Amino acid sequence: MTINEEVYQVLLDQVKMEAVSSASYLAIASWCDQNGYENSADFFYAQSDEERVHMLKIFHYISDMGGAAVSPTIPEMPSEYGSLREVFESALDMEIEVSDSINKIVNLCRKNNDFATESFMQWFVNEQVEEEYVARRAVELFDLFGSDPLSIMMIDERIPKINYTQTNGGTAE
Ligand SMILES: [Fe+2]
């Protein structure tokens, strides 16, 4: 294995974190669907797919480095949520936790002079800027419009329009 044991362990943990995020977004998407928030449901289905792609990126990287990639155990996800605002707030909290975790991996790579993994993780650092931006914008809509039923339907209509554009004009994938 060309990565050290400590880096290997945190990458495995990150695989799990991405997989749990994917499962969590899928559970939220289902709840949105059942409650008639169609655009939010589409948003969370797409987020769930993205998180699975993130998981696979790290999974393949571990393999490519000669490590054993482990398919993680996923806990059961809740099926009930309090409100649409609550699900976006929990999405934002989750993304902040993911960003913290990725920053810790980069930090560990630096301590170990693991420049290859640090470079690999840079994509995730950039991706988290977008993920946090989108979730934060969604939560802000509730501050702007309030949480009465009509406002919530209006917010749901605005969800697909939230778009993160990097200052260089491109968008993160
Ligand atoms: Fe992710």
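What you are looking at is a predicted structure, and each value in this text was computed from that prediction instead of being measured.

Enquirer: Mind laying out the overall build of the chain, listing which residues take part and the relevant values?
Expert: The secondary structure content of the chain amounts to five helices and zero strands. Going from the N terminus to the C terminus, the chain shows its helices and strands as α-α-α-α-α. Intrachain contacts of the chain at a sequence separation of at least 6 include 77% that bridge at least 24 residues. Summing over all exposed atoms, the chain offers an accessible surface of approximately 9200 Å²; the carbon and sulfur share of this is 51%. Side chains of the chain carry 11 positive and 31 negative charges; the gap between the two charge centres is 5 Å.

Enquirer: Got a sec to walk through empty space enclosed by the protein? Specific residues and values, please.
Expert: Applying the stated criterion across every chain yields a total of one cavity of 30 Å³ or more. Quantified by volume, the largest cavity comes out at close to 60 Å³. Lining the largest cavity are Tyr25, Phe43, Phe44, Gln47, Phe88, Ala91, Glu95, Glu131, Val134 and Ala135. Only helix H2 (38–64), helix H3 (84–111) and helix H4 (115–145) provide two or more residues apiece to the lining of the largest cavity.

Enquirer: Break down the coordination of the iron ion for me, with residues and values.
Expert: Protein coordination of the iron ion is provided by Glu18 (OE), Glu51 (OE) and His54 (ND1), with donor distances spanning 2.1 to 2.2 Å. Within one chain, the residues serving as donors to the iron ion are arranged as E-x32-E-x2-H. Linking Glu18 in helix H1 (residues 5–34) with Glu51 in helix H2, this pair joins segments that are 33 residues apart in sequence. For the pair shown, Glu18 and Glu51 are each scored as buried.

Enquirer: Got a sec to walk through the packing of aromatic side chains? Specific residues and values, please.
Expert: Tallied over the entire structure, the rule returns 11 aromatic pairs. Between the aromatic rings of Trp31 and Tyr81, the centroid separation amounts to 6.0 Å while the plane-to-plane angle is 70°, which identifies the pairing as edge-to-face. Residue Trp31 is located in helix H1, and its partner Tyr81 is located in the loop between H2 and H3; the two are separated by 50 residues in the primary sequence. Look at Trp31 and you get buried, because its relative accessible area is 6%.

Enquirer: Any chance you could break down the nonpolar core for me, citing the residues and the numbers?
Expert: Core analysis: the biggest nonpolar cluster contains 28 residues, and Cys32, Phe44, Leu84, Val87, Phe88 and Ile159 have the highest contact counts within it. When residues no more than four places from it in sequence are discounted, the contact partners of Leu84 are Trp31, Cys32, Tyr37, Ser40, Phe142 and Ile152.

Enquirer: Explain H2 residue by residue, including any values.
Expert: Here H2 is 27 residues long and its end C-alpha atoms lie 39 Å apart, about the 39 Å a rise of 1.5 Å per residue gives. When we look at burial in H2, the residues that qualify are Ser40, Ala41, Phe43, Phe44, Gln47, Ser48, Glu51, His54, Met55, Ile58, Tyr61 and Ile62. Those residues of H2 that are buried are in contact with H1, H3, H4 and helix H5 (149–158). Of the residues one or two after H2, Gly66 is the one with positive phi, at around 85°.

What counts, and where the lines are drawn
- Residues numbered from 1 in each chain as written.
- Predicted model: local features only at pLDDT ≥ 70, side-chain atom pairs only at ≥ 80, totals over all residues.
- Heavy atoms only, no water.
- Helix = DSSP H or I, 4+ residues; strand = E, 2+ residues; numbered from the N terminus.
- Contact = heavy atoms within 4.5 Å.
- Areas by Shrake-Rupley, 256 points an atom, 1.4 Å probe, with all protein chains shown as cover.
- Lys, Arg positive; Asp, Glu negative; His and termini not counted.
- Charge placed at Lys NZ, Arg CZ, Asp CG, Glu CD.
- 1 Å grid on protein atoms, 1.4 Å probe; cavity = no way out; pocket = protein on both sides within 12 Å on 5 of 7 lines; lining within 4 Å.
- Points joined across faces, edges and corners; volume = space filled by probe spheres on them.
- Donors = N, O, S within 2.8 Å, 3.2 Å for Na, K, Ca; no water.
- Buried < 20%, exposed > 50% of the residue type's maximum accessible area, 1.4 Å probe, protein only.
- Phe/Tyr/Trp six-rings, centres within 6.5 Å; stacked < 30°, edge-to-face > 60°.
- Core = buried A, V, L, I, M, F, W, Y, C linked by side-chain atoms within 4.5 Å.
- Expected span 1.5 Å × (residues − 1).

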